[in-house]
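# Structure assessment
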Amino acid sequence: MGRIVTFGEIMLRLAPHGYLRFTQVDDFQATYGGGEANVAVSLANFGLDARFVTKLPKHDIGQAAVNDLRRYGVDTSKITRGGERVGIYFLEKGASQRASSVIYDRAHSAIADATTADFNWDEIFEDTEWFHFTGITPALGDNVTAICLEACKAAKAKGITVSCDLNFRKKLWTTEKAGQVMGTLMEYVDVCIANEEDAEKVFGIKAEGTDITGGALSHEGYKDVAKKLANKFGFKHVAITLRGSISASDNNWAAMLYDGNDYYFSKEYLVRIVDRVGGGDSFGAGLIYSLLNNYKAQDAIEFAVAASCLKHSIEGDYNRVSVAEVQSLAGGDGSGRVQR
């Protein structure tokens, strides 16, 4: 099996301990994370050859981010070094009916100020089978969009499968800008991953019969969304996560996979959330792993959802679970009994 390359921004995450509010604390817990970095860590934990590509400063905070990836077995050899700062995000975890909150401090981070000259994609994609990015990365600026486009073109020229998680972030760009940019990038994408809002916010494709804030999700509505996305861009697979938000602490969690012919829905999990950041990334990694291993469609979506379900129980951005743990849950063992 060839290498998987992911490209994006890794940030320093600063969060109050537990469920304290920003205004309650005088210290923060520091960890690292970011959409594509989270995917790389998950895949490395699954035993695959995962390479993460970004730009980070040469100073000690940049090196700490590199070291954090290395401890999980991620290949960091093609990370470009330079720039002035590592992006930061502050996370206040919600509970019950109080929502989580994120504040970004990422302007002029090393990757946000990067240029196409910083990356040699012929070298980066050596022995590569799969390339993954998210909609967060091109949202960092037109210069980063240009890097993403160059990467996608290079990947397709080499016959590499390309996946993208739409991951719309309203704090980074407008729906109009997102639709314009992502519409261009989608021409190179084989596997599209979206959540309950992405297709609507980015491409204006709404799931009928769905009330996101009320937690009502329509299977038929999401079938229509997946088919419209596939028809519009020629995707080989469309995966849509289905989150029923009961509260900030409890969610129903499932997903659907469309392969151009049939629709496959996973079982639904009632999740008690410890940390939901990175939940979508863990789903993406699970899907990439299962498709690379030629899982049947139903088994692929079950594996991806189970991986993500487990991530919701783990502090931090990364999904620190093994293939065996995911397979156990996907196979029906969700009891949570002590393993002796």
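Residues numbered from 1 in each chain as written. Predicted model: local features only at pLDDT ≥ 70, side-chain atom pairs only at ≥ 80, totals over all residues. Heavy atoms only, no water.

Attention shifts here to the overall build of the protein chain. On a plain count of helices and strands, the protein chain comes out with 10 helices and 15 strands. By the compact-globule yardstick of 20 Å for 340 residues, the protein chain fits well, its C-alpha radius of gyration being 19 Å. Projected onto its principal axes, the C-alpha coordinates of the protein chain cover approximately 50 × 45 × 45 Å. The proportion of buried residues among the 340 residues of the protein chain is 56%. (Helix = DSSP H or I, 4+ residues; strand = E, 2+ residues; numbered from the N terminus. Rg over C-alpha atoms; globule rule 2.2 N^0.38 Å. Buried < 20%, exposed > 50% of the residue type's maximum accessible area, 1.4 Å probe, protein only.)

Here we take up the pattern of salt bridges. Any two side chains of opposite charge can pair, given that their charged atoms come close. If you walk through the whole model with that rule in mind, you get 22 salt bridges. K236 serves as the salt-bridge partner of D190, at 4.0 Å between the closest nitrogen and oxygen. Here K236 lies in the loop between α7 (219–233) and β12 (237–245) and D190 lies in the loop between α5 (175–185) and β11 (191–194), a separation of 46 residues in the sequence. When salt bridges that share partners are traced, they join R3, D49, R51 and D75 into one network. (Salt bridge = Lys/Arg side-chain N within 4 Å of Asp/Glu carboxyl O.)

So, about the pairing of strand β4 (residues 50–53). Side chains A50 and F52 project from β4 onto one buried face, and the interleaved R51 and V53 project onto a second face that is buried too. Across four bridges, strand β1 (residues 3–7) lies against β4 in parallel orientation. Its bridge partner lying in β4, V5 is registered against R51. (Pairing = 2+ DSSP bridges.)

We now examine the packing of helix α9 (residues 297–311) against helix α10 (residues 323–330). Interhelical geometry of α9 versus α10 gives an angle of 110° and a closest axis separation of 8 Å. When the axis of α9 is compared with that of α10, the two are roughly perpendicular. Two secondary-structure elements touch here, α9 through E302, F303, A306, A307, C309 and L310 and α10 through V323, E325, V326, Q327, L329 and A330. In the contact of α9 with α10, the residues fall into nine nonpolar, one polar and two charged. (Axes fitted to C-alpha atoms, helices over the stretch in contact; angles between N-to-C directions. Parallel < 35°, antiparallel > 145°, perpendicular 65-115°, else oblique. Contact = heavy atoms within 4.5 Å. Nonpolar A, V, L, I, M, F, W, Y, C, P; charged D, E, K, R; others polar.)

Evaluated as defined, the whole model comprises 17 aromatic pairs. Taking 4.9 Å as the distance between ring centres and 50° as the angle between the ring planes, the aromatic pair formed by F203 and F233 counts as tilted. Here F203, found in helix α6 (residues 198–203), pairs with F233, found in helix α7; they are 30 residues apart in sequence, far enough to count as distant. Among the residues examined, F203 registers a relative accessible area of 16% and is labelled buried. Seen from their ring centres, Y258 and Y263 are 4.5 Å apart, and the 15° between their planes marks the pair as stacked. Taking the relative accessible area as the measure of exposure, Y263 reaches 26% and is therefore partly exposed. An aromatic cluster is built from F7, F119, W121, F125, F131 and F133, whose rings are joined through pairwise contacts. The ring of Y104 has R106 sitting right over it, with the charged end atom 4.6 Å from the ring centre. (Phe/Tyr/Trp six-rings, centres within 6.5 Å; stacked < 30°, edge-to-face > 60°. Lys NZ or Arg CZ within 6 Å of the ring centre and 35° of its normal.)

Moving on: α10. Within α10, the full set of buried residues consists of V323, V326, L329 and A330. In a view along the axis of α10, the buried residues occupy a sector of 130°, so they form one face of it. Against β15 (269–272), α8 (279–292) and α9 lie the buried residues of α10. Phi for G332, located one or two positions after α10, is positive at around 120°. (Arc of directions from axis to C-beta.)

All right, on to the state of the cysteines then. For the structure shown, the criterion picks out zero disulfides. Not engaged in a disulfide, the cysteine C148 finds its nearest cysteine sulfur in C152; these two sulfurs lie 6.5 Å apart. Summary of cysteine pairing: C192 is not part of a disulfide, and the nearest cysteine sulfur, belonging to C164, is at 6.5 Å. (Disulfide = S-S within 2.5 Å.)

As a further point, take the environment of T116. Mapped onto the elements of the fold, T116 is located in the loop between β8 (101–105) and α3 (121–124). Judged by relative accessible area, which is 31%, T116 ranks as partly exposed. Separated by 117 residues in sequence, T116 and F233 have C-alpha atoms that sit 25 Å apart. In this view, T116 contacts A146, I147 and E150; residues no more than four positions away in its chain are not counted.

Let us look at the layout of surface pockets. Each pocket or cavity is described by its volume, and for the largest pocket that value is around 1600 Å³. Put simply, the parts of the chain that give the lining of the largest pocket at least two residues each are α1 (35–45), β7 (88–92), β8, β11, α6, β12, β13 (250–258) and α8. Its residues assigned to classes, the lining of the largest pocket comprises 15 nonpolar, 18 polar and 16 charged. (1 Å grid on protein atoms, 1.4 Å probe; cavity = no way out; pocket = protein on both sides within 12 Å on 5 of 7 lines; lining within 4 Å. Points joined across faces, edges and corners; volume = space filled by probe spheres on them.)

What follows concerns the nonpolar core. One finds I10, L43, F46, F52, L69, F283 and L287 to be the most contacted residues of the largest nonpolar core, which totals 58 residues. No other element matches α9, which puts nine residues into this core. Beyond its immediate sequence surroundings of up to four residues, L43 is in contact with I4, L48, A50, A285, I288 and Y289. One finds I147, A154, V189 and Y222 within the second-largest nonpolar core, a separate group that totals 53 residues. (Core = buried A, V, L, I, M, F, W, Y, C linked by side-chain atoms within 4.5 Å.)

Further remarks concern the sheet that holds strand β3 (residues 29–33). Here we have four strands laid out as an open sheet, ordered β3-β2-β7-β8, and mixed in their pairing. Edge strands, defined here as strands with exactly one partner in the open sheet, are β3 and β8. Geometrically, the sheet is characterised by an average inter-axis angle of 25° between neighbouring strands, direction not taken into account. Two strands pair when backbone bridges link them, and strand β2 (residues 11–15) and β7 are joined in this way by three bridges, in the parallel orientation.

These results come straight from atomic positions and should not be treated as a statement about function.
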